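# A look at the structure
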Amino acid sequence: MLNNKKICVVMPGYNAEHTVKKTYEEIPKEIVDDVILVDDSSSDRTAEVARSLGIHTIVHPKNRGYGGNQKTCYAEALRRGADIVVMVHPDYQYTPKLIPAMASVISSGIYDVALGSRILGNTALTGGMPLYKFVANRFLTAVENILVDQKLSEYHTGYRAFSREVLLSLPLEENDDGFVFDNQMLVQAIRFGFRIGEVSCPTRYEEQSSSIGFMKSVRYGFGVLEAAAQYRMMKLGLIHPRFLADDGRRLQMDPETAQGAREAS
């Protein structure tokens, strides 16, 4: 716990059998109360390794995508009583050693969302981020800041922390099940008035770290711009996108559904 808040780490996993152990070993157990891994129908031993470490593990019988994986992660964390949820990729791309900093940003009551920014520390390129991804990151972030009227250093980090209130309030079930889920979630947080803080995070690209290919990156980029543009057009009263609607679908925490997911593992 941290400031009497229950801290849960969630790991959206896919073919991470070689990195999940060292990721888990760096999690600061002195403040983390719960660890959940959702295996998105991996073709390797990700779930088996996670269970051997004592991690609460759920397996999707069919691949749902990165966004679909996160929906299960957050719903299960909420069902298990988390006050603060920190998402860490089990591919060891982000150091779990920053979990206390990420969680304290929220447990202090200063922010509702915390992002581990690879840009603030100026280590993105030296840490191995491909040049084309760095350039795309900077371009997309600049455009997004203009469209949603923010000054974040980056929108594309996979290292994030959320308060329970945020996860209960955002219409996450309206979001895409693919990679654009991350940006839709941040746009939603801005739309519903939640405060977003950033923590400097070192960049670490390794051979076994996951990464999407060039064409998927292009599709992701267009999806990111679409989400931000929809926010701007909504503010102008021109459209009413479902993922930003007051009555959008929230996460479901039905115990029977959760139990069924575990039994399918």
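Fair warning: this is a prediction, and the values are worked out from it, not measured in the lab. (Residues numbered from 1 in each chain as written. Predicted model: local features only at pLDDT ≥ 70, side-chain atom pairs only at ≥ 80, totals over all residues. Heavy atoms only, no water.)

## Focus: a nonpolar patch on the surface
On the surface, a nonpolar cluster with roughly 280 Å² of combined accessible area is contributed by Leu-125, Leu-131 and Val-135. Mapped onto the fold, Leu-125 is located in the loop between β5 (113–117) and α5 (131–148). Of the residues examined, Leu-125 reaches a relative accessible area of 43% and is grouped as partly exposed. (Patch = residues over 30% accessible without salt bridge, like charges linked within 9 Å, V, L, I, M, F, W, Y side chains within 5 Å. Areas by Shrake-Rupley, 256 points an atom, 1.4 Å probe, with all protein chains shown as cover. Salt bridge = Lys/Arg side-chain N within 4 Å of Asp/Glu carboxyl O. Helix = DSSP H or I, 4+ residues; strand = E, 2+ residues; numbered from the N terminus. Buried < 20%, exposed > 50% of the residue type's maximum accessible area, 1.4 Å probe, protein only.)

## Quick notes on unusual backbone geometry
Despite not being glycine, Ser-41 has its phi angle at roughly 60°, a positive value. On the secondary structure map, Ser-41 appears in the loop between β2 (34–39) and α2 (46–52). The phi angle at Asp-149 is positive, at roughly 60°, despite the residue not being glycine. On the secondary structure map, Asp-149 appears in the loop between α5 and β6 (160–163). Given the relative accessible area of 62%, Asp-149 is considered exposed.

## Overview of helix α4 (residues 99–107)
Inspection of α4 places Ile-99, Met-102, Ala-103, Val-105, Ile-106 and Ser-107 among the buried residues, and these make up the whole buried set. Residues of α4 that are buried in the fold lie against β1 (7–13), β4 (84–87), β5, β6 and β7 (196–200). Residue Gly-109 follows α4 closely and has a positive phi angle near 85°. (Contact = heavy atoms within 4.5 Å.)

## So, the nonpolar core
The nonpolar side chains of a soluble globular protein tend to be buried, and buried together. With 39 residues, the main nonpolar core has Val-10, Tyr-74, Val-113, Leu-167, Leu-172, Met-185 and Ile-196 as its most contacted residues. When sequence neighbours within four positions are dropped, the list of residues in contact with Leu-172 reads Lys-71, Tyr-74, Leu-167, Phe-181, Met-185, Gln-188, Arg-249 and Leu-251. Counting 30 residues, the second largest nonpolar core, distinct from the first, contains Val-9, Ile-27, Ala-103 and Ile-106. (Core = buried A, V, L, I, M, F, W, Y, C linked by side-chain atoms within 4.5 Å.)

## As for the side chain of Glu-174
Position of Glu-174 relative to the elements: it lies in the loop between α6 (164–169) and α7 (181–191). A distance of 3.3 Å separates polar atoms of two side chains, one belonging to Glu-174 and the other to Arg-242. Of the polar contacts made by the side chain of Glu-174, one reaches the backbone nitrogen of Arg-249; its length is 3.0 Å. Contact partners of Glu-174, with chain neighbours within four places excluded, come to Arg-242, Phe-243, Gly-248 and Arg-249. (Polar contact = N/O pair within 3.5 Å; in protein donor to acceptor, adjacent residues only side chain to side chain.)

## Overview of the sheet that holds strand β3 (residues 56–59)
Pairing is mixed across the open sheet formed by 7 strands, whose spatial order is β3-β2-β1-β4-β6-β5-β7. Two strands bound the open sheet, and with one partner strand each, they are β3 and β7. Neighbour-to-neighbour, the strand axes of this sheet turn through a mean angle of 20°, independent of strand direction. Examined bridge by bridge, β5 and β7 share 5 bridges and lie parallel to one another. For Val-113, the partnering residue across the bridge sits in β7 and is Ile-196. Running at roughly 150° to β5, α4 makes contact with β1, β4, β5, β6 and β7 of the sheet. (Pairing = 2+ DSSP bridges. Axes fitted to C-alpha atoms, helices over the stretch in contact; angles between N-to-C directions.)

## Considering the pattern of salt bridges
One pass over the full model with this rule turns up 12 salt bridges. The residue Arg-80 makes a salt bridge to Asp-34 at a minimum N-O spacing of 2.7 Å. Pair noted here: Arg-80 is in the loop between α3 (65–79) and β4 and Asp-34 is in strand β2, with a separation of 46 residues, a long-range link. Here Arg-80 falls in the partly exposed class, since its relative accessible area comes to 29%. The salt bridge partner of Asp-177 is Lys-71, with a shortest N-O separation of 2.7 Å. Of this pair, Asp-177 sits in the loop between α6 and α7 while Lys-71 sits in helix α3, placing them 106 residues apart in sequence. When its relative accessible area of 30% is taken as the criterion, Asp-177 is described as partly exposed. A relative accessible area of 5% places Lys-71 in the buried class. Three or more residues are tied together by salt bridges with common partners; here these are Glu-174, Arg-242, Asp-247 and Arg-249.

## Observations regarding the packing of aromatic side chains
Going through the model one piece at a time under the given rule, you end up with 3 aromatic pairs. Ring geometry for Tyr-74 against Phe-162: centres 5.7 Å apart, planes inclined by 75°, an arrangement best described as edge-to-face. Of the two residues, Tyr-74 is situated in helix α3 and Phe-162 in strand β6; the sequence distance between them amounts to 88 residues. On the basis of relative accessibility, which here comes to 0%, the residue Tyr-74 falls in the buried class. What makes Phe-162 buried here is its relative accessible area of 1%. Residues Tyr-94 and Tyr-159 carry aromatic rings whose centres are separated by 5.6 Å and whose planes lie at 45° to one another, so their mutual orientation is tilted. (Phe/Tyr/Trp six-rings, centres within 6.5 Å; stacked < 30°, edge-to-face > 60°.)

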